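Coordinates in review
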Amino acid sequence: QSFLISQGVRTSDLLSRLSKLDSDEKFNLISETTRIRANCVNPVDTVDNTTGIAIGYVQSGKTLSFTTLTTLAIDNGFRIVVYFAGIKVNLLEQTTKRLKKDLLTEGENSRFYKVYQSPSIAENTHIKIQSALKLNQRPTILITVLKHYKHIDELNKIFKTPQVKDELGNNGVLIIDDEADQAS
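I will try to describe carefully the structure that is included in this document.

Quick notes on the overall build of the protein
Within the protein, the regular secondary structure consists of seven helices and four strands. Each helix and strand of the protein, placed in order from N terminus to C terminus, yields the pattern α-α-α-β-α-β-α-β-α-α-β. By element, 49% of the accessible surface of the protein is carried by carbon and sulfur atoms, the whole surface being about 10,500 Å².

If you want it as structure tokens, here you go:
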């Protein structure tokens, strides 16, 4: 890629709280997620797309990897991250809960993250996302959604609303598929 991937405030904040990892494990985590992020498009004023895959074993730290990828994406210009969190509600809730816990979205970091689980037009999520995108502190929108055509279609409708489309402009959206082994 022709752009530099930097470890910024959000990534440093996450790494500083990973007390269970030693320095080598943190180094490996950041190296691997930086490599993954480097394969994404530049999210600012770039009209392009790319698809990549990173595979991990069961209980290998995939969730921590995509959480770290999220912070790297934020530090490098992404405003919205979408997570396909499986086909079962319990997996969706588990992913949402883990993101909130790891990123402290309901505590000291609440101004940096806005989390939406299974957003819908009926709940005016598009208006809430528009409002969050307009905030001065530029919070990142984290969206967890079931990997089901009805939920994906609803998310697509939200992104096509003038409120979200106009406010987001040409800024990129990172999509993380936590259950890529299941059809979407």
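Further notes follow.
A few points about the side chain of Asn109
Following the sequence through the fold, Asn109 ends up in the loop between helix H4 (89-103) and strand S2 (113-117). At a separation of 3.0 Å, a polar atom in the side chain of Asn109 contacts the main-chain carbonyl oxygen of Leu103. What Asn109 contacts, discounting residues up to four positions off in sequence, is Arg10, Asp13, Arg17, Leu103 and Leu104.

A closer look at unusual backbone geometry
You will see that Leu104, though not glycine, has its phi angle at about 55 degrees, which is positive. With respect to the element layout, Leu104 can be found in the loop between H4 and S2. A positive phi is found at Asn124, a non-glycine position, where the angle reads about 60 degrees. With respect to the helices, strands and loops of the structure, Asn124 is situated in the loop between S2 and helix H5 (125-134). You can call Asn124 partly exposed: its relative accessible area is 41%.

Regarding the nonpolar core
If you look at the biggest cluster of nonpolar residues, it comprises 22 residues, and the most contacted ones within it are Tyr83, Leu174 and Ile176. Breaking this core down by element, the ones donating at least two residues are helix H1 (9-16), helix H2 (23-38), helix H3 (62-75), strand S1 (80-84), H4 and strand S4 (173-177). Among all residues touching Tyr83, those that are not within four sequence positions of it are Phe66, Thr70, Leu99, Leu142, Ile143, Thr144, Val145 and Ile176. Counting 15 residues, the second largest nonpolar core, distinct from the first, contains Val82, Ile141, Leu155 and Leu168.

Here we look at the pattern of salt bridges
Applying the stated criterion to the full structure yields seven salt bridges. Note that Glu106 is salt-bridged to Lys100, the shortest N-O span being 3.2 Å. Lys100 gets classed as partly exposed once you look at its relative accessible area, which sits at 27%. For Lys157, the salt bridge is made with Asp153, and the minimal N-O distance between the two is 3.6 Å. Here Asp153 and Lys157 lie together in helix H6 (residues 149-160), a separation of four residues that amounts to about one turn. For Asp153, a relative accessible area of 38% gives the class partly exposed. Sharing partners across several salt bridges, the network here consists of Arg10, Asp13 and Arg17.

What about the packing of aromatic side chains?
The way to describe two aromatic rings as a pair is by their centre distance and the angle between their planes. Inspection of the entire model under this criterion finds one aromatic pair. With 5.5 Å between their ring centres and 45 degrees between their planes, Phe66 and Tyr83 make a pair best called tilted. With Phe66 in helix H3 and Tyr83 in strand S1, this residue pair connects regions lying 17 residues apart in the sequence. On the basis of relative accessible area, Phe66 is assigned to the buried category, the value being 6%.

Cut-offs and rules
Residues numbered from 1 in each chain as written. Predicted model: local features only at pLDDT ≥ 70, side-chain atom pairs only at ≥ 80, totals over all residues. Heavy atoms only, no water. Helix = DSSP H or I, 4+ residues; strand = E, 2+ residues; numbered from the N terminus. Areas by Shrake-Rupley, 256 points an atom, 1.4 Å probe, with all protein chains shown as cover. Polar contact = N/O pair within 3.5 Å; in protein donor to acceptor, adjacent residues only side chain to side chain. Contact = heavy atoms within 4.5 Å. Buried < 20%, exposed > 50% of the residue type's maximum accessible area, 1.4 Å probe, protein only. Core = buried A, V, L, I, M, F, W, Y, C linked by side-chain atoms within 4.5 Å. Salt bridge = Lys/Arg side-chain N within 4 Å of Asp/Glu carboxyl O. Phe/Tyr/Trp six-rings, centres within 6.5 Å; stacked < 30°, edge-to-face > 60°.

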